[in-house]
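Now for the letters of each chain:
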Amino acid sequence: MLQSANPPHVAPDAEVMTAILEYPPGDPGAPPHRHSGPAFGYMLEGEMWFELEGEAPRVIKAGEAFWEPGGDVIHYRDGNNRSDVASKFVVTMLGVPGQPMFVVVEQDELERRRDRRVPPPS
């Protein structure tokens, strides 16, 4: 068992997309974004710095699974946590029909919601 999750409602006729993403050493990853539906992933190689709105940032290592609920939740960071090796992960996203799978969050919205970010553990 890699992970067990109770995701939010999945839209009828959801579009499903699976992709493999690779980041070179030290790559910051995608800008803050959201997905229209839940996303499930698995780290194949390296490490990812993973930060979702409302959760403390954490490191996902090769062999570990992750998920996010999508919808209104902002995914702040998914960058390579290592400066010496590449990272590679597979992700399956379940999108709401007629909505984009990936939407970059604008800076003004990030500022309005900054109180929803959880600081990293000390």
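For the structure, check the block above.
Residues numbered from 1 in each chain as written. Predicted model: local features only at pLDDT ≥ 70, side-chain atom pairs only at ≥ 80, totals over all residues. Heavy atoms only, no water.

**Student:** Provide a residue-level description of the side chain of glutamate 109, including the pertinent values.
**Tutor:** Mapped onto the fold, glutamate 109 is located in helix H1 (residues 107-112). Classification of glutamate 109 as buried rests on a relative accessible area of 16%. Among the polar contacts listed, one links the side chain of glutamate 109 to the side chain of arginine 34, at a separation of 2.7 Å. If near-sequence neighbours (up to four positions away) are discounted, glutamate 109 is found in contact with Arg34 and Ile74. (Helix = DSSP H or I, 4+ residues; strand = E, 2+ residues; numbered from the N terminus. Buried < 20%, exposed > 50% of the residue type's maximum accessible area, 1.4 Å probe, protein only. Polar contact = N/O pair within 3.5 Å; in protein donor to acceptor, adjacent residues only side chain to side chain. Contact = heavy atoms within 4.5 Å.)

**Student:** How would you summarise the packing of aromatic side chains if you had to cite specific residues and measurements?
**Tutor:** One pass over the structure, following the stated rule, counts four aromatic pairs. Each ring, one from phenylalanine 40 and one from tryptophan 67, has its centre 5.8 Å from the other, and the planes form 10°; the classification is stacked. Of this pair, phenylalanine 40 sits in strand E3 (residues 39-45) while tryptophan 67 sits in strand E6 (residues 65-68), placing them 27 residues apart in sequence. Taking relative accessible area as the criterion, tryptophan 67 reaches 24% and is therefore assigned partly exposed. When the centroid spacing of 5.8 Å and the interplanar angle of 70° are considered together, the rings of phenylalanine 66 and phenylalanine 89 count as edge-to-face. A residue pair is termed long-range when its members are at least 10 positions apart, and phenylalanine 66 in strand E6 and phenylalanine 89 in strand E8 (residues 87-95) qualify at 23 residues. Of the two residues examined, phenylalanine 66 and phenylalanine 89, each falls in the buried class. (Phe/Tyr/Trp six-rings, centres within 6.5 Å; stacked < 30°, edge-to-face > 60°.)

**Student:** Quick one: what's the story with the pattern of salt bridges, residue by residue and with numbers?
**Tutor:** Considering all chains together, one arrives at 13 salt bridges under this definition. The salt bridge partner of arginine 117 is glutamate 51, with a shortest N-O separation of 2.8 Å. With arginine 117 in the segment after H1 and glutamate 51 in strand E4 (residues 47-52), this pair connects stretches of sequence that are 66 residues apart. For arginine 117, a relative accessible area of 39% gives the class partly exposed. Of the residues examined, glutamate 51 reaches a relative accessible area of 3% and is grouped as buried. Note that glutamate 111 is salt-bridged to arginine 114, the shortest N-O span being 1.7 Å. (Salt bridge = Lys/Arg side-chain N within 4 Å of Asp/Glu carboxyl O.)

**Student:** With reference to specific residues and values, describe the nonpolar core.
**Tutor:** Counting 13 residues, the largest nonpolar core has Met43, Met48, Phe50, Ile60, Phe66 and Phe89 as the members making the most contacts within it. Where this core is concerned, the elements lending two or more residues are E3, E4 and E8. Once residues lying within four places of it in the same chain are set aside, the contact partners of methionine 43 are Met48, Ile60, Lys61, Ala62, Gly63, Glu64, Phe66, Ser87, Lys88 and Phe89. (Core = buried A, V, L, I, M, F, W, Y, C linked by side-chain atoms within 4.5 Å.)

**Student:** Describe in detail the pairing of E4, supporting the description with residues and values.
**Tutor:** Along E4, five of the six residues are buried, which leaves the element largely enclosed by surrounding structure. Bridge count between E4 and strand E5 (residues 58-61): four bridges; the pairing is antiparallel. When the bridges of E5 are listed, tryptophan 49 appears paired with valine 59. A loop of five residues connects E4 with E5, the two strands running antiparallel in sequence, and glycine 54 in this loop sits at a positive phi of about 85°. Looking at chain direction, E4 and strand E7 (residues 75-77) are connected through two bridges and run antiparallel. Pairing of glutamate 51 across the sheet is with arginine 77, part of E7. (Pairing = 2+ DSSP bridges.)

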